[in-house]
Each structure stands twice: as C-alpha cells, then as structure tokens.
Amino acid sequence: MTGFNDASTNMAIDEAILKIYAQGAVVPTLRIYAWQPWAFSIGCFQDPERELDLDECRQFSVEFVRRMTGGGLVFHSRELTYSIVCSRQHFRCGSLIESSFKRICAFIIKTYQSLGLEPGFAVDQKRNKKGLGRKTAICFSGREKCDILVNNRKIGGNAQRRFRNVIFQHGFIPLELNLDFAAWFLKGREAGLKNNVISLSQALGRSIGFDELAFKLIDSFKKVNSLELVETDLSDEEKKLAEYLKKEKYSSPDWNIFRQNPGKGINANCFEEASLA
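What you see is a predicted model; the values in this text were computed from it and never measured.

Caption draft 1: Up close: the side chain of Gln 169. Inspection of the secondary structure assignment puts Gln 169 in strand 11 (residues 166-174). Gln 169 sits in the buried class, given a relative accessible area of 0%. At a separation of 2.8 Å, a polar atom in the side chain of Gln 169 contacts the side chain of Gln 160. What Gln 169 contacts, discounting residues up to four positions off in sequence, is Tyr 82, Ser 83, Ile 84, Phe 101, Ile 104, Cys 105, Asn 158, Ala 159 and Gln 160.

Caption draft 2: Spatial organisation of the sheet that holds strand 5 (residues 74-76). Strands sit in the order 4-3-5 across an open sheet of 3 strands; the sheet is mixed. In this open sheet, the two edge strands, each paired with only one partner strand, are strand 4 (63-66) and strand 5. Shown here is a sheet whose adjacent strand axes are inclined to one another by a mean of 25°, direction ignored. The pairing of strand 3 (residues 39-42) with strand 4 spans 4 bridges and is parallel.

Caption draft 3: Region of the structure containing the sheet that holds strand 7 (residues 120-121). Across the sheet, which stays open at both edges, the 3 strands sit in the order 7-8-9 with antiparallel pairing between neighbours. With one partner strand each, in any of the chains shown, strand 7 and strand 9 (153-154) form the two edges of the open sheet. Bridging between strand 7 and strand 8 (residues 148-150) involves 2 bridges; their strand directions are antiparallel. Along strand 8, the bridge assignment pairs Phe 121 with Ile 148. Strands in contact with helix 5 (residues 106-114) are strand 7 and strand 8; relative to strand 8, the strand with the most contacts, it is inclined by about 10°.

Caption draft 4: A look at the pattern of salt bridges. By the definition in use, this model includes 10 salt bridges. Between Arg 78 and Glu 176 there is a salt bridge, and its shortest N-O distance comes to 3.0 Å. Placement of the pair is Arg 78 in the loop between strand 5 and strand 6 (79-87) and Glu 176 in the loop between strand 11 and helix 6 (179-183), with a sequence separation of 98 residues. Looking at Glu 176, the relative accessible area reads 32%, which means it is partly exposed.

Caption draft 5: Molecular detail of the packing of helix 5 against helix 9 (residues 210-225). For the pair helix 5 and helix 9, the least separation of the axes is 8 Å and the interaxial angle reads 125°. Here helix 9 runs oblique to helix 5, going by the angle between their axes. Between helix 5 and helix 9 lies a crossing whose hand is right-handed. Between helix 5, through Ala 106, Phe 107, Lys 110, Thr 111 and Ser 114, and helix 9, the contact on the second element is made entirely by Leu 213, Lys 216, Leu 217, Ser 220, Phe 221 and Val 224. Of the residues belonging to the contact of helix 5 with helix 9, the class tally is 6 nonpolar, 3 polar and 2 charged.

Caption draft 6: Summary view of unusual backbone geometry. Each neighbour pair has its own omega, and for Gln 36 with Pro 37 the value is 5°, a cis peptide bond. Note that Pro 37 resides in the loop between strand 2 (29-35) and strand 3. Unusually for a residue other than glycine, Asn 151 sits at a positive phi of about 55°. With respect to the helices and strands, the residue Asn 151 is situated in the loop between strand 8 and strand 9. For Asn 151, a relative accessible area of 55% corresponds to the exposed category. The phi angle at Asn 152 is positive, at roughly 60°, despite the residue not being glycine.

Caption draft 7: Geometry of the packing of aromatic side chains. Per the counting criterion, the structure on display carries 12 aromatic pairs. For the pair Phe 40 and Phe 185, a centre-to-centre distance of 6.3 Å together with 70° between the ring planes defines the contact as edge-to-face. Placement of the pair is Phe 40 in strand 3 and Phe 185 in the loop between helix 6 and helix 7 (193-196), with a sequence separation of 145 residues. Each member of the pair, Phe 40 as well as Phe 185, carries the same accessibility label: buried. Look at Phe 60 and Phe 185: their rings are 6.2 Å apart centre to centre, the planes differ by 75°, and that puts the pair in the edge-to-face class. One end of the pair, Phe 60, is in the loop between helix 3 (54-59) and strand 4; the other, Phe 185, is in the loop between helix 6 and helix 7, and 125 residues separate them in sequence. Among the residues examined, Phe 60 registers a relative accessible area of 48% and is labelled partly exposed. For Phe 185, a relative accessible area of 3% puts it in the buried group. Members of the aromatic cluster, each reached through a chain of ring pairs, are Trp 38, Phe 40, Phe 60, Phe 75, Phe 181 and Phe 185. For Arg 31, the ring lying beneath its charged end belongs to Tyr 33, and the centroid distance is 3.5 Å. Sitting above the plane of the Trp 255 ring, Lys 249 keeps its charged end 4.2 Å from the centroid.

Rules of the game
Residues numbered from 1 in each chain as written. Predicted model: local features only at pLDDT ≥ 70, side-chain atom pairs only at ≥ 80, totals over all residues. Heavy atoms only, no water. Helix = DSSP H or I, 4+ residues; strand = E, 2+ residues; numbered from the N terminus. Buried < 20%, exposed > 50% of the residue type's maximum accessible area, 1.4 Å probe, protein only. Polar contact = N/O pair within 3.5 Å; in protein donor to acceptor, adjacent residues only side chain to side chain. Contact = heavy atoms within 4.5 Å. Pairing = 2+ DSSP bridges. Axes fitted to C-alpha atoms, helices over the stretch in contact; angles between N-to-C directions. Salt bridge = Lys/Arg side-chain N within 4 Å of Asp/Glu carboxyl O. Parallel < 35°, antiparallel > 145°, perpendicular 65-115°, else oblique. Left-handed = near helix turned anticlockwise from the far one by under 90°. Nonpolar A, V, L, I, M, F, W, Y, C, P; charged D, E, K, R; others polar. Phe/Tyr/Trp six-rings, centres within 6.5 Å; stacked < 30°, edge-to-face > 60°. Lys NZ or Arg CZ within 6 Å of the ring centre and 35° of its normal.

Below, the structure written as structure tokens:
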C-alpha cells in the first residue's frame, strides 16, 4: 500500500511501476492507495476544458490530472483505489478484453461477496442491458459490459491498458459518494446520476473505512488467485521515475490540459485501448 497521495503523485507512481515492470526489473504488483486532497482524474482522450470549470477548480484549489487510461471523468474523494501491473499469463488473459476484465476483477467481486453483497457484471444482468457501452463524459454516467453492479447500480469503475504483453489496470471503489460537491466543478451533468450509482457504505447500510476494505481486498486477491503477497516499498528505480514523471508530466499543463499527442510520454504506439469504465 502506498497510502494517501495527491493526484499527480498517484498517477506518476502507477506509470513508474508499469514502466519498470515492462523492463523486467520488478515482479507483478498490486498497489492500493487513496487520494488526498480530493481530485478529479480525466480520461486519456478527454478535453478538461470541455468537462470541467477550470477557473472554479483553480479558485477552490481542486486538483485534476489526466490518466493514462481512457474512460470518463472521475471524482476521487473517500475511496480505495487499486492498480495492477502484470503479464497476460498471470491471469491467463488472452486477447479478449471482456474475459481479461472478468478474470482480473474477480477479486473485487469476491470482496463484495465477503461483505455480504451480491455483485455482478453488467453484461451478465438479465435486465436493464439497454445503453451498455454508451460513451459518457462522466464515468458514473455510463455503463460498460464489465462494470460491476450492486443492487443494479454501478459501484466504482475500472480501466485497462496493454503494453505489448503487459497489462495495466486500475480502478476505484467509493466508500462514500460526494457527487453534490463534485457537481460544482462540472460543466455538464447527466440526469438521474444519483440513481445509477452506489457507494460501498450505501450498499452495506453502514460506514466502512479504507483499512477495513483494504484488508478484505487483499485477502480476496490472495484467495481468488491462490497466491501470497509480499508487501514491499517502491524500489529506488520506481521512486526516481515517479518523481520525474510527477514533475515533467503529471504536474504539467502540457499533459493535463494542452495534450495533443495521445499517450505522450508513455509510448502510445505500444498501447492498445481496452474496455473502459
């Protein structure tokens, strides 16, 4: 676990782990973290000036950062975020995006089940399949095939990118939703958003903290994948690269606002976009 970090630090660490792993220097990694202060992340291909009131964000010191994954705008507040870096063979992931999502997200499904919930993938639901795959500016407004639903409402989101044989996936689980606060900084808002989404605390009918969820998530990951995890700090190489990426990329308007070349700085030609949530 890398704890609570600002937006640019979180995205820099994710990419640093990915790049160092792609060089064969580290083992597959499950990272668990959170965001402090609260912040927006925008999809790799989104225009922040179209989706966010940037003047309002600056006035109230609300951070935003561009992710290296696609999908819609996400407001990160009280939540747990994870990222996974591995090779396709680790989860027996072939070329089919849907099956790889289901395999990797199995530990999240198991976590919800261990808490007494009945989760399922949107594509497997017998009802309300209308609108699956519809692209939306706000992550919570859309519903992709592999979105996880609880009580027929979307809980969190996940996104994946691939680099040759390497898979990078990250996602978030909202402990609480702060949609009213986030709405102050949005230029547009989908109708009925609150009825489409749910936080973990809402689903459970009680408050749940970061530490409790992290423990459940790690335990489920080990059980689902029949392996042990070894907790380590970031390597010196990962730390050094993360510091560089934070300064030169994720804190830079050239990446966060004015980016013209998709995937600038992450060798976009080697990436294939996966299903986005």
